[in-house]
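In case you want the letters, here they are:
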Amino acid sequence: MVNLSSNIIERETVVVKFVGDSGDGMQLTGTLFSDTAALAGLDLATFPDYPAEIRAPHNTVAGVSGFQVHVGAKKIETTGDLCDVLVAMNPASLKANLKWAKPGATIIVDMDAFEEVAVKKAGYAVNPLDNDSLANFNLVKAPITTLTRASLKHMELDTKTVDKSKNMFALGIMYHLFSWSFNWTYDFLNKKFKNKPKIIEANKIVLEAGYSFADTVEALGSVYQVSKASIEPGRYRNITGNIATAWGFLAAAERSGRPLFLGSYPITPATEILIELAKHKSLGAKVFQAEDEIAGICSAIGASYTGSLALTTTSGPGLSLKSEAIGLAIMTELPLVIVNVQRGGPSTGLPTKSEQSDLYQALFGRNGECPAIVIAASTSANCFYYAYMASKISMEHMTPVILLTDGYLGNGSQLFRIPKVADLPEIHPPIAEANDPDYKPYKRDPQTLARKWAIPGTEGLRHRIGGLEKEDIYGNVSSDPHNHQKMVDLRAAKVQRVADYIPEQEVIGEAEGDLLVVSWGGTLGAVQEAVELVHNEGKKVGHAHFNYIMPLPRNTAEVFKKFKKILVCELNSGQFVNYLKMTQYGHDYRQYNKVQGLPFTVNELTVAIKKELEEK
Amino acid sequence: MMNKQPNLTIERSTVELTKEDFVSDQMVKWCPGCGAHAILSSVANVYPKLGYRKENIMMVSGIGCSSRFPYYVNTYGIHGIHGRAAAISSGVKIANPHLSVWMATGDGDSMAIGGNHFIHIIRRNIDINILLFNNQIYGLTKGQYSPTTPMGSVTKTSPQGTIEHPFNPGELVLGAQGTFFARVVDTNPRLMTEVMFEAAKHDGTSVIEVLQNCVIFADKTHDSITNKEVRDDRQIVLRNGFPMVFGKNKDKGIRLNGTRLEVVTLGENGITEDDLLVHDVYQQDPGVHLMLAKMAYPHFPVALGVIRSANYPTYDDLIEEQIDYAKKNSKIKTVEDLLNSGDTWEIK
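Sequence order as written defines the numbering, with residues in each chain counted from 1. Chain letters and ligand numbers both follow the written order, the letters beginning at A and the numbers at 1. Two thresholds apply to this predicted model, a pLDDT of at least 70 for residue-level local features and 80 or more for giving and counting side-chain atom pairs, whereas whole-chain, interface and lining totals are computed over all residues.

A. Representation of the overall build of chain A. For chain A, the helix and strand inventory stands at 20 helices and 23 strands. The quantity called the radius of gyration is restricted to C-alpha atoms. Its globule counterpart is 2.2 Å times the number of residues to the power 0.38. The C-alpha atoms of chain A give 27 Å as radius of gyration, which agrees with the globular expectation for 616 residues (25 Å, within 12%). Across its three principal axes, chain A shows a C-alpha extent of roughly 85 × 65 × 45 Å. Considering chain A as a whole, with its 616 residues, one finds that 55% of them fall into the buried category. Secondary structure counts use DSSP, requiring at least four H or I residues in a row for a helix and at least two E residues in a row for a strand, with both numbered from the N terminus. A residue is called partly exposed when the number of other C-beta atoms within 10 Å of its own lies between 12 and 20, exposed at 12 or fewer, and buried at 20 or more, with C-beta atoms placed from the backbone.

Next comes the structure, spelled out in structure tokens:
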């Protein structure tokens, strides 16, 4: 679309945040905006921010729902610290989000929503549009409700239906701001309201009305131009971390020839993985919505014994409930992937917020000497790859893997370069052959120490396993003291040997120097950007981001010893740094932590890194 | 009644199997005189006669004396964790419907810590055969009361007698919409064997409650109904299609009086066999089955044999049907199809 506005600002990246009442359709608006950005050739990352309640009281701060989108001409690794444009549909959403707007940001409000009652309900003493409290911003007061109603007057729809399309007006303003086409949104509306032509028409009219409003009144003052990102050629789609996780498992099932079984119980923010896998029965996925978290994992253990790629998905409190059963899977040496989409804890905590505070639980949260492999995904898109690798490692090494993602990765979305399934690494589970005369339940592969997977129905391999300590090789129940020591050592060694099968730890920036910034899991984007900024200023700083936590990559000690100080940044009180202190001693560890249910901002990390460089 | 798809049947053995085919090399470590020995012996009689390949039988258990069972039978097996046998079995059967899955559990394992899984496997009607060893006591932890211990019983954790109302497992099974419930005593191996066959034949969750004696911690707990002197008057073995007659002299019966069951004596007040209830195990309405399952000494004889065997679709059949339907009708046949489905675009 040609934009005639006089003032065009060229930008490398822009952060937009849509906020409104829970029922205002902000999630949909944000999704349509980001899909259009992707089709315009921009890279992007998104993050939905919504309350735990489905419909919190109308017009209150508690009921604010938001959707942040970071688009750009360069590789986008985070959803952005602060926004350049804030679209606020009511006073409460403005109140709750003004702190996330950059100084000078464009703030577009529905001025009609700022009537006295709503202003008071939001906690404002006076209407913020009437005083100079927003003087430092480019405030655009748009009569969104009035104009939406006016534009649909001729259609004779009820007020509720009319007001539901207000979000399209806001979207129209945004399309003007970016000079983007309506085509994608039209396609979406045509599909979504296939049998409701009147609704399609109404939404289109309001979308165009919003665009025209912005165009005619030139209210925005200027428009953005973001050029196309230079993105690796290939076929792309937009994907959330939870969908990517589900698809990674489906790919691993297909590539290994093992049928997929998921036993799971709904829990925020992990439920989407269960929902997604339930859709794919055509790929043979068996999805069992269990009566509780324990039944979820126990059914998966049963399925694993019968030869399935067995999965269970949960979030923090659910992982607590599964602890005993994880021990059973470790004792019986069965493959099993446990996904923990981390949220704020402890207890019920902050269900819709993100945190990295379940690392201790993943590493140590079981009775007995009970080592589990722990892997962490670091972007919404690479949840696909790490779900795939978790499955591969679990099956090839015959032991459970805990895959940590978080609410931020799981709900956030990113561009995803669609891989060819044939290009993914091969998976070779150690399946025992029928009538193998050498088969013994706990006889191990000399390299991996994995036992064989003897699948019920196979001739000549009948055997029993269970949670009581096993006799080495034969697998009979044994309480012999020396055998117990040996089995404890073997289970630990088996997990440690996985280090020989995972990539070495990479370092970005300086490979040696004053400061190594260490991070893990979902904080990759922010930490990487912060280190880059400081490195570009000529500082001797490197960045090591860990995806493989237990075991650590085999060159970890080599990497660490080349730096004077190691700054570990994580969204907890220091769980990874303490784990590193236990396993990689002799280094000067520092830590930067935040436990607010929020992701890191690039800005706070940059300050922390610089401070560490200045200090002795 | 649902017709089984051929791909869901359990493969049959091409050779005749014997008891020896299922003998495990492990020493049986139950106390001498424990009722569990009789259950093991019945299972060893039943397995070879089911006609299934021996590799297609799978045994799952939880924790407790009963749950050592899988070690004592040479099949595929999992000895699980406390209370979770039903959940593990569910995963086994759903993942591989070609297995004949048997579960050994006790009154602590299934009525207390595993109560939730127990009612839900029944509600889903997953095709598993559950052997519920009910000795009304915690044996392996040495004598604490269980959810089936009669009220007032003195045990290690109830020195003044229990103050809890016990579960009647049959009531729980039927309340959870159970499709098969049978009750036997450990002193009647012939009936136990017979009932196990019926359970194996039934499509859906079959629960066999075995009134089992614990010689150490609850000896003679079922004595009031199993004692040779009195058992004929205090037990009634129900048989499908037959009137409900019992008693040493076969002179007592059960009839429906209004909405309630009552014990009557044949020949008294002109009562004949025609007045008695005729047992119908296949009746879909569980009303009479529930009343039969609740019958208790001293007002009634305890009902033994198959009390209910009603036909309902099983979870494991339905999930296979959904998968078949999806495979036939979905455009997504491979993960490659899935990855490229919906909105995608090429960047050059």
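Following the structure, the description resumes.
B. Structural context of the overall build of chain B. A tally of helices and strands in chain B yields eleven helices and twelve strands. For chain B, buried positions account for 48% of its 348 residues. Residue pairs qualify as contacts under a 7 Å threshold applied to their C-beta atoms, which are placed from the backbone. Contacts in chain B between residues far apart in sequence, at least 24 positions, make up 68% of those at least 6 positions apart.

C. Focus on the domain arrangement of chain A. Residues and elements named next belong to chain A. Per the domain assignment, the segments of chain A are domain 1 (8-225), domain 2 (237-423) and domain 3 (508-614). Opposite the 13 residues of domain 1 that make contact, domain 2 presents nine residues. Within the residue set of the side of domain 1 that touches domain 2, elements represented by two or more residues are helix H1 (26-39) and strand S3 (43-49). Broken down by element, the residue count for the side of domain 1 that touches domain 2 peaks at six residues, all from S3. Gly counts as polar in this scheme, as do all residues outside two lists: the nonpolar Ala, Val, Leu, Ile, Met, Phe, Trp, Tyr, Cys and Pro, and the charged Asp, Glu, Lys and Arg. The residue inventory of the side of domain 1 that touches domain 2, partitioned by class, reads eight nonpolar, three polar and two charged. Note that the domain bounds reflect an automated or database-derived domain assignment.

D. Quick look at H1 of chain A. Residues and elements named next belong to chain A. Its 14 residues place the ends of H1 20 Å apart at the C-alpha level, agreeing with the 20 Å of an ideal helix rising 1.5 Å per residue. Counting buried positions along H1 yields eleven of 14 residues, so the element is predominantly enclosed. All buried positions along H1 are accounted for by Met26, Gln27, Thr29, Gly30, Leu32, Phe33, Ser34, Asp35, Thr36, Ala37 and Ala38. At the exit of H1 stands Gly41, carrying a positive phi of roughly 95°. How far a helix is expected to stretch is found by multiplying one less than its residue total by 1.5 Å.

E. A look at the sheet that holds strand S4 (residues 128-134) of chain B. Taken in spatial order, the nine strands of this open sheet run S17(A)-S2(B)-S1(B)-S3(B)-S4(B)-S6(B)-S5(B)-S11(B)-S7(B), and their pairing is mixed. Two strands in the sheet have a free side with no partner beyond their single neighbour: strand S17 (464-466) of chain A together with strand S7 (235-237) of chain B. Averaged over neighbouring strand pairs, the angle between their axes works out to 20° when direction is ignored. Here a strand pair is declared whenever DSSP counts at least two bridges between the two strands. Throughout, an axis means a line fitted to C-alpha atoms (over the contacting stretch in the case of helices), and angles, computed between N-to-C directions, take values from 0 to 180 degrees.

F. Focus on the interface of chain A and chain B. Contact residues are listed per partner, giving 54 residues for chain A and 51 residues for chain B. Elements that contribute at least two residues to the side of chain A that touches chain B include exactly H1, strand S9 (234-240), helix H9 (241-256), strand S10 (260-264), strand S11 (286-289), helix H11 (293-305), helix H12 (316-332) and S17 of chain A. The leading source of residues in the side of chain A that touches chain B is H11 of chain A, at nine residues. Class assignment for the residues of the side of chain A that touches chain B results in 27 nonpolar, 15 polar and twelve charged. Pairing analysis gives three bridges linking S17 of chain A to strand S2 (residues 76-79) of chain B, with the strands arranged parallel.

G. Representation of the nonpolar core in the model. Put simply, a nonpolar core is a cluster of buried Ala, Val, Leu, Ile, Met, Phe, Trp, Tyr and Cys residues tied together by C-beta atoms within 7 Å. The biggest cluster of nonpolar side chains holds 273 residues, and the ones touching the most others in it are Leu250, Ile301, Ile375 and Leu403 of chain A together with Ile208 of chain B. Beyond its immediate chain neighbours, meaning those up to four positions away, Ile208 of chain B contacts Ile130, Leu131, Leu132, Ala182, Val184, Val195, Met196 and Ala199 of chain B.

H. Summary view of the packing of H11 of chain A against helix H2 (residues 85-95) of chain B. Where H11 of chain A contacts H2 of chain B, the two axes come as close as 6 Å, and the packing angle between them is 45°. Viewed along their axes, H11 of chain A and H2 of chain B adopt a mutual orientation that is oblique. Considering the relative orientation of H11 of chain A and H2 of chain B, their crossing is right-handed. Between H11 of chain A and H2 of chain B, the contacting residues are Ile294, Ala295, Cys298, Ser299, Ala300, Ile301, Gly302, Ala303 and Tyr305 of chain A on the first element and Ala87, Ile88, Ser89, Ser90, Gly91, Val92, Ile94 and Ala95 of chain B on the second. Among the residues making up the contact of H11 of chain A with H2 of chain B, the classes are represented as twelve nonpolar, five polar and no charged. Each angle is binned into one of four classes, with values under 35 degrees roughly parallel, values over 145 roughly antiparallel, values of 65 to 115 roughly perpendicular, and all other values oblique. Definitions for this section: a left-handed crossing has its near helix turned counterclockwise from the far helix by less than a right angle. A right-handed crossing has that turn clockwise.

I. Local environment of the packing of helix H1 (residues 36-50) of chain B against helix H6 (residues 189-201) of chain B. Residues and elements named next belong to chain B. Taken N-terminus to C-terminus, the directions of H1 and H6 make an angle of 45°; their axes are 9 Å apart at the nearest point. Of the possible angle classes, the one that applies to H1 and H6 is oblique. In this structure, H1 crosses over H6, and the sense of that crossing is right-handed. Seen from H1, the contacting residues are Ala38, Ile39, Ser41, Ser42, Val43, Asn45, Val46 and Leu50; seen from H6, they are Pro189, Met192, Thr193, Met196, Phe197 and Ala200. Looking at side-chain class alone, the contact of H1 with H6 contains ten nonpolar, four polar and no charged residues.

J. Spotlight on the sheet that holds strand S2 (residues 13-21) of chain A. Pairing is mixed in the open sheet, where nine strands are placed in the order S7(A)-S6(A)-S5(A)-S2(A)-S4(A)-S3(A)-S16(A)-S9(A)-S12(B). Where the open sheet ends on each side, the last strands, each with one partner, are strand S7 (138-142) of chain A together with strand S12 (345-347) of chain B. Taken over all neighbouring pairs, the strand axes of this sheet differ in orientation by 25° on average, direction set aside. As judged from the nine bridges shared by S2 of chain A and strand S4 (residues 64-72) of chain A, these two strands associate in the antiparallel manner. From the neighbouring strand, Phe18 of chain A faces S4 of chain A, where its bridge partner is Phe67 of chain A.

K. Here's a closer look at the pairing of S4 of chain B. Residues and elements named next belong to chain B. Counting buried residues along S4, seven of its seven residues qualify, which places the element largely inside the surrounding structure. A two-sided burial pattern is seen for S4, the buried positions comprising Ile128, Ile130, Leu132 and Asn134 on one face and Asn129, Leu131 and Phe133 on the other. Of the pairings in the sheet, the one linking strand S3 (residues 100-106) to S4 comprises six bridges and is parallel in character. Bridge pairing in S4 places Thr105 opposite Leu132. Examined bridge by bridge, S4 and strand S6 (residues 206-211) share six bridges and lie parallel to one another. Counterpart to Leu131 in the pairing with S6 is Ile208.

L. Spotlight on the pairing of strand S15 (residues 400-406) of chain A. Residue and element names in this part refer to chain A. Taken across its seven residues, S15 has seven buried, putting it largely inside the fold. Covered by surrounding structure in S15 are Pro400, Ile402, Leu404 and Asp406 together with Val401, Leu403 and Thr405, the residues of both alternating faces. Where strand S13 (residues 336-342) and S15 come together, seven bridges link them in parallel fashion. Paired with Gln342 across the two strands is Asp406, which belongs to S15. Bridge count between strand S14 (residues 373-376) and S15: four bridges; the pairing is parallel. Pairing of Ala376 across the sheet is with Leu404, part of S15. By convention, orient the strands away from the viewer: a clockwise path from the first strand over the helix to the second makes the crossover right-handed. Of the crossover connections in this fold, the one passing from S14 over helix H14 (residues 383-397) to the parallel S15 is right-handed.

M. Representation of the confidence of the model for chain B. In this model, chain B carries a mean pLDDT of 95, and residues with pLDDT of at least 70 account for 98%. Here the prediction assigns the complex a pTM of 0.94, and the interface score ipTM is 0.97. The predictor attaches a confidence to each residue, called pLDDT, with possible values from 0 through 100.

N. Focus on the environment of Asp130 of chain A. Summarising the element assignment, Asp130 of chain A is placed in the loop between helix H3 (116-121) and S7. As a C-alpha pair, Asp130 of chain A and Glu116 of chain A span 14 residues in sequence and 11 Å in three-dimensional space.

O. Spotlight on unusual backbone geometry. Residue and element names in this part refer to chain A. A cis amide bond links Thr268 to the next residue, Pro269, at an omega of 0°. Among the structural elements, Pro269 can be located in the loop between S10 and helix H10 (271-278). The linkage connecting Gly345 with the following residue, Pro346, adopts the cis geometry, with an omega of 0°. Assignment of secondary structure puts Pro346 in the loop between S13 and helix H13 (359-364).

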